[in-house]
Amino acid sequence: MKHRITWVGAITAVGALVLSGCSTASTAPSTDAAGDLTPITLQLQWFAQAQFAGYYAALDQGYYEDEGLDVTIDEGGADIVPQDVLAAGDADYAISWVPKVLGSIEQGANITDVAQIFERSATTQISLKDKDITTAADLAGKNVGSWGYGNEWELFAGMQKAGVELGDINLIQQAFDMTGFLAGDIDAAQAMTYNEYAQVLETINPDTGELFQPDELNVIDWNDEGTAMLQDSIWANADKLESDADYADNTVKFIKASIKGWIYAANNPSEAAGIVTAAGSTLGESHQLWMTNEVSKLIFPSSNGVGMIDEAAWANTVDIAMNTKNETGATIITTDPPATAYSNEYVTKALDELKADGVDVMGTDWKPTEVTLNEGGN
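About the thresholds
- Residues numbered from 1 in each chain as written.
- Predicted model: local features only at pLDDT ≥ 70, side-chain atom pairs only at ≥ 80, totals over all residues.
- Heavy atoms only, no water.
- pLDDT = per-residue confidence, 0-100.
- Contact = heavy atoms within 4.5 Å.
- Buried < 20%, exposed > 50% of the residue type's maximum accessible area, 1.4 Å probe, protein only.
- Helix = DSSP H or I, 4+ residues; strand = E, 2+ residues; numbered from the N terminus.
- Arc of directions from axis to C-beta.
- Pairing = 2+ DSSP bridges.
- Axes fitted to C-alpha atoms, helices over the stretch in contact; angles between N-to-C directions.
- 1 Å grid on protein atoms, 1.4 Å probe; cavity = no way out; pocket = protein on both sides within 12 Å on 5 of 7 lines; lining within 4 Å.
- Points joined across faces, edges and corners; volume = space filled by probe spheres on them.
- Core = buried A, V, L, I, M, F, W, Y, C linked by side-chain atoms within 4.5 Å.

(A) Fine view of the confidence of the model for the protein chain. The predicted model of the protein chain has a mean per-residue pLDDT of 91, with 91% of residues at 70 or higher. Here residues 1–33 is a poorly scored stretch, pLDDT under 50, and it has 84 contacts once near neighbours within four places are set aside; other chains count.

(B) The arrangement of helix H12 (residues 269–278) in detail. Looking only at H12, the buried set comprises Pro269, Ala272, Ala273, Ile275 and Val276. Viewed along the axis of H12, the buried residues span an arc of 155°, placing them on a single side of the element. Residues of H12 that are buried in the fold lie against helix H2 (53–60), helix H11 (245–267) and helix H13 (285–299). Phi turns positive one or two residues past the end of H12, at Gly280, with a value near 120°.

(C) Representation of the sheet that holds strand S1 (residues 38–43). Sheet architecture is open: five strands sit in the order S2-S1-S3-S12-S4, paired in mixed fashion. Of all the strands in the sheet, the pair left with one neighbour each is strand S2 (69–74) and strand S4 (111–115). For this sheet the average axis-to-axis angle between neighbouring strands, irrespective of direction, equals 30°. Relative to strand S12 (residues 233–237), strand S3 (residues 93–96) runs antiparallel, the two being bridged by four bridges. Bridge assignment links Tyr93 to a residue of S12, and that residue is Ala236.

(D) Layout of the layout of surface pockets. Estimated volume of the second largest pocket: approximately 260 Å³. Around the second largest pocket, the lining comprises 22 residues; the ones closest to its centre are Glu119, Arg120, Leu230, Asp310 and Ala313.

(E) The arrangement of the pairing of S1 in detail. Examined bridge by bridge, S1 and S2 share six bridges and lie parallel to one another. The residue bridging Thr38 from the neighbouring strand is Leu69, located in S2. Across two bridges, S1 lies against S3 in parallel orientation. Looking at the pairing, Gln43 lines up with Ala94 of S3.

(F) Structural view of the nonpolar core. Counting 64 residues, the largest nonpolar core has Tyr55, Tyr56, Tyr64, Ile117, Ile234, Phe254 and Trp262 as its most contacted members. In terms of residue count, H11 provides more of this core than any other element does, 12 residues in total. Apart from residues no more than four positions distant in its own chain, Phe254 is found in contact with Ile40, Leu42, Tyr64, Leu69, Val71, Tyr93 and Ile234. The next biggest cluster of nonpolar side chains, apart from the first, holds 34 residues, and it includes Ala157, Met159, Ala188 and Ile332.

Shown next, in the form of structure tokens:
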């Protein structure tokens, strides 16, 4: 059974961010459909877009309802910190990057990574071929863009690993778009594979009169450089996991349904992109499809089952968080996070149930689709 989805919200002003949807949305089934379902609120870290396609698909396809959950999805925004919303008790679960949450945990937020949905990092640094920037070492002496707000650490770690200090570059505060890069003000710009990289490929190259092509760009991939950090994961309230048996059970159910949603999105990218568009995203059709496809690449194929937290990847993220310094000399955290910072207990149970149902949780044979980007992402 599918939920009837109702979108209600108001416009949130965040400047001219290309990434944003235009409304704050919540989703809920009808009263009759809800019945005895347990109400659950999920807090996203950004506006509705295919970065979160699996959760929207799980809602649309009735996977949450199948688990007895009545899920509401709350969009994020520039002024919303999802882990703070979760820690304050205003959401049951939240989506956020691990390094950002590690800092919040050190400040007292008692929350747990219960499912690491994105196995790989999507953060890159891109440049035009004529800049001859192919590795982190080549960033020395260049105008290097960074969004900041906790998105900068893979870049800084990659530079420091290559022996490039922050004083060796001209660090530029990059807007959440590619305007500065396309104008030539930034030599190497921060770009997510599923968003800003596509924004460049959707733009006419004035030198050719055609859309920019991948072979006109160099890409520094932090997965290849060894400084990738864990990104989108599902966070839960650590106190409630310990004290509330129903909450712990619902956590398994929520993870299980969400994984099914991500599998659906990977196998049905056009339909999933449409679901997110219906949820209020204003991104263009080809851009939304590109995003769905690229996000799926961060998940599939999965090494140990979707959502399993790899200990080596976690340790690498913690190491970077403790030892990489920003322009003020500060690090994300100063001590090791507590044991409650992550747990594979709940995702293991969810995966066991899915495998018992015959669900392929590895996606070994999954192949991405070919997406043709149009000008402006339309």
